Every structure is written in structure tokens, then in C-alpha cells.
Amino acid sequence: MKKNARLLYLLTVWTFFIPFLSTATDLLVDDETLPAASPSVTYVLSMPEPQTHYFEVEMQLKNVAAATNAKKNGYIDIKMPVWTPGSYLIREYAKNVDGFTASAGRDAGSEKKVLSEKIRKNAWRVYTIDDNLTVRYKVYANELTVRTSFVDIEHGYVTPAGMFMYHDALKTIPLRVVVQPYKAWKSVATALEPVAGQNFTYEAADFDLLIDSPIEIGNHKTFSFTASDIPHTVSMFGDVEYNEKKLAEDYKRVCEAAATVVGEHPCKHYTFIVHHIPPGGGGLEHLNSTTLETTRNAYATEANYKRFLSLVAHEYFHLWNVKRIRPIALGPFDYENENYTHMLWLSEGCTSFYQEYILRRAGFHTPDAYLTLVASGITEIENQPGTRIQSAAESSWDAWIKGYRPNENSANTQISYYSKGSVLGTLLNLAILAGSNGQRNMDDLLRLLYNEYYKKQKRGFTDNEFRQAAEQVAGRKLDDFFNIGVNTAEPINYDAYFEPVGLQLVNLASKTQDGFLGAATTIANGKSTISSVRRGSAAYNDGLNVGDEIISIDKVRVGDDLLRIISGRRVGETLKVLVNRAGFVREIPVTLTQNPLVSYRLEPLPNQTAEQKALYSKWLYIK
């Protein structure tokens, strides 16, 4: 009995100590054998002195040593993007950064400053192997556009690409942004997801989504509406008068008309940030939001209002075309280099086509008004000499070096992928309508691309895949459209596209006999100075230069009345043009040439067939 009792006692004691021995053993295990905690990145954005135009950023990196190979390398590299998607220019955002510092440690109490240095124009190296790192820097923000950041005593606006840094290995993890508004500001507008229970705290699934989510901070006015069962919020900055009820109703009309194109709305919610500033400025698309810049009199007249609604339609339609229906080059993005594509004529230009087509569907444009816009678009590109030099595909590719950097000769050598692409969108739509006997249009092409590449393959499409899809939907080859319209600068046979809907393109300026000078001027202090010279014109051929001050023509003093002075002069007449060129006065004989400018209008063909009339009605949504 005593022996058994002793065994029972030892067994009881051993059982009691097993958990403690297990814990002690665990404590002796090397840290590297334990599962690593997930890395995280949190940005704290503040603006304590907005009058200085500075934002302050604190980038908190936790548990990142393994993911970044810090222990192997002995450092962590932190970078800032050099451009922002949707605006195809290297903007060198890092030029606005100063005060970069770094410290290591799990919390503020244990932080120690660590060595850091700038290693490239947009990259900093932080020398640490610590698992937890805090980077702090300031960003000067005094340029209010849709593609840059701005802060002053009135409000703050953040273009994330120019504000938030990143590490390559941490681009795909969830991120958090904590906004600390200036003390007098009460509102933040962004499409980022709010964190429940934490004021002004937001989450992004990855760095790409963060970059695609601008932030407005201040005391802006806000209104909401629902379109296609999706909640929409409009945040309005600027002292402007508007009818909120009418504006919300018209936003809804535009948004719901846009949604009919693809037939599916991919957003959980959508945010409009609208800046009302003196020069206006356009817009920039994002995945679940857009920023619009317009004038303070955008709602004052019907013409101004329709232009604004066209801007709304354009940027809103981008949530499909370019953000989800996209060329393969436009995502995932390389934020340090140019991302080249031949298809901005589709992504931007065809969005310009759709902006007016959407307003036609929504009832803002009459059929005649829409035809006037189509003819005006053709007139615009045909009046630019560059349309015979640069193709739409080349214009897209050269956006990075030409599109955003025009000079006085640009009109002679370039064509905008916006304006040429808008015309091409009209022509492709007509080609599909005619090829399918009115059964399909460009909507069907975008639906195919959306379902096949965005939803199914989860990628962008190549140039060739787009062409194959377009020809599949049209039911025929589209050689003239792609080989001439897109890929060359050769003249387009417009009537071939308009004939199936019973229309012809008529040049109203074709009979003018006035001579043509071909020099555009600016007026300052009563002086008329040449600002551009049209290729092939009299001014171009006979040697008038940009920068020449035109003093007189045939001994008549020239001020702001150049057009009046040469009005009525005939082709072949020679003018004696006295100019001041770099301080030297000289007389240059200039022989006027034929006026090359066109002014197109779409007119009905005589004896239209029933088929043409039916296709016309389908094209313009006439019931």
C-alpha cells in the first residue's frame, strides 16, 4: 500500500508540473523558429500648420523585418511613386519631400533614431534590422490640381501617389490611414473604407487601392444620392451656388445612363470630390471615386452646366473603361517608371466619346445637338496638321513625353488621343452597328471585355486581343478602322461610316476664297506677338517665327486687329509684314495660301432607305 501511495503521489506532482515545464521549454525556443507576426503599415497624416502648405506623414511599419529581408540586407528601402495612374507624366513627387527621418522600436517609448540616406531621386535607405520602424517626413503641397496635393487654411487635398511611400514587398498587404485634420476642420471625404469605431481611420486592401483613393479634408459640403442601387456621395469644396436637389437628380441620371453600357456596377459605393476653383481644370478617375475641378460658375448657364455634366460622365465612366476594362499595361502599375501603351485612344479617347453618348441617352442632348458635337469633333482633328503626322496609337505611346508637354509646334506634329480617340469611338460604334445590322454596338464590345478580362481572367487585354474582340462583336474584319484610323495618320473615309445611318459629312467652309496667313498671335500691352505658326501655311512657308512681334502689314499698324487687317485678302496676294525679331526690325514678304480649315456638319443623305432610318434611330436612341 505504501509503495502504491508513493507512486500515486509522484504521478500527481508530475502531472501538475507538465504545463509549466512546457511553457519554460517554449521560452527557450529561438525567436526565429516562432511563426512571424503579420507585417502591417499604418500612415498617420496630419496638417498642424496648413498655412505653410505642409502635410506631415508618419509611416508606421510593424513586423516587417522578414518580409523586407532587413536582417539579410541590413537595411530597408522606402520609396515614393513618381507618377499617378490616369495622368501619364513623370511628376517627380519626391521633389516635395523634406525632413525625412527614421527610428526603430515597437513604440514611442522604445524608439531610437536610426541612420537613413537618400539613394535615388525617390528612394531612401534606412539602416536597421529591427522588426518595427517609423518613418517621418513632410510634403510640401501648394499645387491644387486633380493630380497633385494641396493644403492651405481653407482645406487639404491629397493625391496619394505624391503623399505615401512604400516598400516593394509590402505593396500587397492591407494598409491603414489615420487622418488627423487641422483643428478647425470637421470632415474627410474618400472612397477608402472607414474603420468601425475609429474616427477618420481608413483601410485599403493594398497599396494600389490606397494610391487610387484621393482624400479631401476640410469643411466641405456633402450630399448623397443612390444610382443603380449604389450609394453615391458628392463632396463640394468652394464658395458656389447650386440647386442641390436638381444637381443630385442630374448626377443620378448621368450615372444610371453610364451603368447601362456594361450593365453591371462593380462598386459598393462611389465618391465625387468636386473642387470649384477659378481656372477649373478637368478630372482624374479612380477605382471607386473621382476628383473633378470646375469653375465657380459651372451651374450658372445651361451651356456651362452641360459641360460640367460631360465632365461628370467622362470621369464616372472611367470606373469601367480604364479602371476595370483596361489595356494590359495599365495595371498592376510600376510606380517608378513610365507604363507604355498604344491604347490611350481607347481608354481616354473612347471615354470622351461615351461622355456625350451617355448624355444623349440620359436626355441631356437632343439628336441634333449630338450630331453637332460629333461633327465638331471631326472638324477639330481635321484642322490640326498633326493629324497627318501622328497616329492615335503613336499619340498614346508618346503621352509620357509629348501629351503633357506641348510647345508651340505641337499642333503641327501631334494629335490628342482624347480628341482623335473620341472620333474613333464614334466610328467604331457605327462600324459595329452596321456590321451587326443594328443588333450590337460598342456597349457589347465593352461588356465582352469586362466579362472576359476583368471578371474571368482578371487582367488587361493586349492590343491584338482588343482587335479580335472588336471584330468578333462587329461580325466582320475592321481593317480600315485599325490599319488606317488607329495605326496610321492617313485620311479617314468618314462617309463610309456614316452612310449606313443615312448621313454624309459636309464641309461648310469648302468654298471660301479668303487667303490664309496661318499665324496665331497673343496680345499684350498693345503688341501682337506670334504664338504659333501652322505647318504648310503662308507664315510657315515664308518665314514668320514664333516670338516675332508683328509691327505692321502693308504699313498699317497691327495691334489686336490682325484678323481685320487681312480679312478679304485673296489667295496669292503678297503682304509686306514688318516684324520685330529679337530686337531687330525686318520686313518679310508673305504670300497668302488657300485656307485649309474645314467646318463639318452631318447632313441626311437624299433618298434614305428604311434600313438607314432604322439604324439611325438605334444609333441615337430614338424611339
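The rules behind these values
- Residues numbered from 1 in each chain as written.
- Predicted model: local features only at pLDDT ≥ 70, side-chain atom pairs only at ≥ 80, totals over all residues.
- Heavy atoms only, no water.
- Phe/Tyr/Trp six-rings, centres within 6.5 Å; stacked < 30°, edge-to-face > 60°.
- Helix = DSSP H or I, 4+ residues; strand = E, 2+ residues; numbered from the N terminus.
- Buried < 20%, exposed > 50% of the residue type's maximum accessible area, 1.4 Å probe, protein only.
- Lys NZ or Arg CZ within 6 Å of the ring centre and 35° of its normal.
- Expected span 1.5 Å × (residues − 1).
- Pairing = 2+ DSSP bridges.
- Axes fitted to C-alpha atoms, helices over the stretch in contact; angles between N-to-C directions.
- Core = buried A, V, L, I, M, F, W, Y, C linked by side-chain atoms within 4.5 Å.
- Contact = heavy atoms within 4.5 Å.
- Polar contact = N/O pair within 3.5 Å; in protein donor to acceptor, adjacent residues only side chain to side chain.
- 1 Å grid on protein atoms, 1.4 Å probe; cavity = no way out; pocket = protein on both sides within 12 Å on 5 of 7 lines; lining within 4 Å.
- Points joined across faces, edges and corners; volume = space filled by probe spheres on them.
- Domains from an automatic or database assignment.
- Buried area = accessible area lost by both parts, 1.4 Å probe.
- Salt bridge = Lys/Arg side-chain N within 4 Å of Asp/Glu carboxyl O.
- Nonpolar A, V, L, I, M, F, W, Y, C, P; charged D, E, K, R; others polar.
- Disulfide = S-S within 2.5 Å.

1. Notes on the packing of aromatic side chains
- The full count for this structure, using the stated rule, is 46 aromatic pairs.
- Measuring from ring centre to ring centre gives 5.8 Å for Phe-272 and Tyr-316, while their planes differ by 20 degrees; the resulting arrangement is stacked. With Phe-272 in strand S18 (residues 270-276) and Tyr-316 in helix H6 (residues 302-317), the pair connects residues that are 44 residues apart, well separated along the chain. For the pair Phe-272 and Tyr-316, one class covers both residues: buried.
- With 5.1 Å between their ring centres and 35 degrees between their planes, Tyr-450 and Tyr-454 make a pair best called tilted. Here Tyr-450 pairs with Tyr-454, and both are found in helix H12 (residues 442-456), just 4 residues apart, close to one helical turn.
- Residue classification places Tyr-454 among the partly exposed positions, given a relative accessible area of 30%.
- Above the ring of Tyr-54, the side-chain terminus of Lys-138 is found at 6.0 Å from the ring centroid.
- Residue placement shows Arg-253 over the ring face of Phe-364; its charged tip is 3.8 Å from the ring centre.

2. Considerations on helix H7 (residues 344-361)
- The first and last C-alpha atoms of H7 sit 24 Å apart over 18 residues, in line with the 26 Å expected at 1.5 Å per residue.
- Judged by how many residues are buried, H7 sits mostly within the fold: 18 of 18 residues are covered.
- Positive backbone phi, at 90 degrees, marks Gly-363, one or two positions downstream of H7.

3. What about the sheet that holds strand S3 (residues 76-79)?
- Ordered by their spatial adjacency, 3 strands build an open sheet running S3-S7-S6, and the pairing between neighbours is antiparallel. Pairing within the sheet leaves two strands with one partner each, and these edge strands are S3 and strand S6 (116-120). Each adjacent strand pair in this sheet contributes to an overall mean axis angle of 30 degrees, direction not counted.
- Of the strand pairs in this sheet, S3 and strand S7 (residues 123-126) are connected by 4 bridges, and their pairing is antiparallel. Looking across to S7, one finds that Lys-79 is bridged to Ala-123.

4. Describing the nonpolar core
- Membership of the largest hydrophobic core comes to 154 residues, with the highest contact counts inside it found for Phe-164, Tyr-251, Phe-272, Trp-345 and Trp-619.
- The greatest single-element share of this core, amounting to 10 residues, is contributed by helix H5 (residues 244-262).
- Apart from residues no more than four positions distant in its own chain, Trp-619 is found in contact with Tyr-357, Tyr-370, Leu-371, Thr-426, Asn-429, Leu-430, Leu-433, Phe-498, Val-501 and Leu-503.
- Formed by 19 residues, the second largest nonpolar core is a distinct cluster that contains Leu-517, Ile-550, Leu-562 and Val-579.

5. Focus on the side chain of Arg-125
- For Arg-125, the position within the fold is in strand S7.
- Within polar-contact distance, the side chain of Arg-125 engages the side chain of Asp-77 at 2.8 Å.
- Residue contacts for Arg-125: discarding those within four places in its chain leaves Tyr-75, Ile-76, Asp-77, Leu-115, Ser-116, Glu-117 and Ile-119.

6. A few points about the layout of surface pockets
- Within this model, the second largest pocket holds a volume of roughly 640 Å³.
- If you trace the second largest pocket, you find 26 residues lining it, with Asp-208, Leu-287, Lys-323, Arg-326 and Gly-331 closest to the centre.
- Where the lining of the second largest pocket is concerned, the elements lending two or more residues are helix H4 (207-211) and H12.
- Top element by residues in the lining of the second largest pocket is H4. It accounts for 3 residues.
- Shared between two domains, the lining of the second largest pocket holds at least three residues of each, these being domain 1 (41-218) and domain 3 (320-501 + 605-622).

7. With respect to the domain arrangement of the chain
- In terms of domain boundaries, the chain breaks down into domain 1 (41-218), domain 2 (220-301), domain 3 (320-501 + 605-622) and domain 4 (515-594).
- Computed from C-alpha coordinates alone, the two centres of domain 3 and domain 4 are separated by 37 Å.
- Taken together, the 6 residues of domain 3 in the interface contact 7 residues of domain 4.
- Carbon and sulfur atoms make up 47% of the area that domain 3 and domain 4 hide from each other, which totals about 510 Å².
- Inspection of the domain 3/domain 4 interface yields 0 salt bridges.
- Joining domain 3 to domain 4, the criterion identifies 3 residue pairs in polar contact (both at pLDDT 80 or more).
- In terms of residue class, the side of domain 3 that touches domain 4 is built from 2 nonpolar, 3 polar and 1 charged.

8. Structural notes on the state of the cysteines
- For the structure on display, the rule yields 0 disulfides.
- In this model Cys-255 remains outside any disulfide bridge; the closest cysteine sulfur is found in Cys-267, 10 Å from its own.

9. Quick word on the pattern of salt bridges
- Going through the model one piece at a time under the given rule, you end up with 29 salt bridges.
- Residues Lys-306 and Glu-302 are paired through a salt bridge, measuring 3.6 Å at the closest nitrogen-oxygen approach. Here Glu-302 and Lys-306 lie together in helix H6, a separation of 4 residues that amounts to about one turn.
- You can call Lys-306 partly exposed: its relative accessible area is 25%.
- Given the relative accessible area of 59%, Glu-302 is considered exposed.
- With a shortest N-O distance of 2.8 Å, Asp-479 and Arg-467 are connected by a salt bridge. In this pair, Asp-479 is assigned in helix H14 (residues 479-486) and Arg-467 in helix H13 (residues 463-474), connecting sequence segments 12 residues apart.
- The exposure class of Arg-467 is buried, given its relative accessible area of 18%.
- Shared partners join several salt bridges into a network, and the residues in it are Lys-79, Arg-120, Asp-168 and Glu-336.

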